[in-house]
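Observations on chain architecture
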Amino acid sequence: MEHSIGTPTNATPHAQAERQARADWLIAELGRLAAQAEDPNDRVRIRRTADSLTRLATAFRS
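1. Thoughts on the packing of helix α1 (residues 13-36) against helix α2 (residues 40-61)
- Where α1 meets α2, the axes come as close as 8 Å, and the angle between the chain directions of the two elements is 165 degrees. Of the possible angle classes, the one that applies to α1 and α2 is roughly antiparallel. Here α1 and α2 pass one another in a crossing that is left-handed. Residues Gln 20, Ala 23, Asp 24, Leu 26, Ile 27, Leu 30, Leu 33, Ala 34 and Ala 35 of α1 form the contact with α2, whose participating residues are Arg 43, Ile 46, Arg 47, Thr 49, Ala 50, Leu 53, Thr 54, Ala 57 and Arg 61.
- When the residues that make up the contact of α1 with α2 are grouped by side-chain class, the tally is 11 nonpolar, 3 polar and 4 charged.

Cut-offs and rules
- Residues numbered from 1 in each chain as written.
- Predicted model: local features only at pLDDT ≥ 70, side-chain atom pairs only at ≥ 80, totals over all residues.
- Heavy atoms only, no water.
- Axes fitted to C-alpha atoms, helices over the stretch in contact; angles between N-to-C directions.
- Helix = DSSP H or I, 4+ residues; strand = E, 2+ residues; numbered from the N terminus.
- Parallel < 35°, antiparallel > 145°, perpendicular 65-115°, else oblique.
- Left-handed = near helix turned anticlockwise from the far one by under 90°.
- Contact = heavy atoms within 4.5 Å.
- Nonpolar A, V, L, I, M, F, W, Y, C, P; charged D, E, K, R; others polar.

This is a description of form; function is not addressed.
Structure, rendered in structure tokens:
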């Protein structure tokens, strides 16, 4: 069975670890961008995006 985005639901442990590593990198990168943002509104928006991604990644681990 596949999700609508085309990823198998029974992914191998290697594929799961790779996806987790990409999610972790993206979360860290968004945090870095938020820290560098000069506009406080951009900073908040980017941090909220990172928080949402963290929640999504956590939900997929369950």
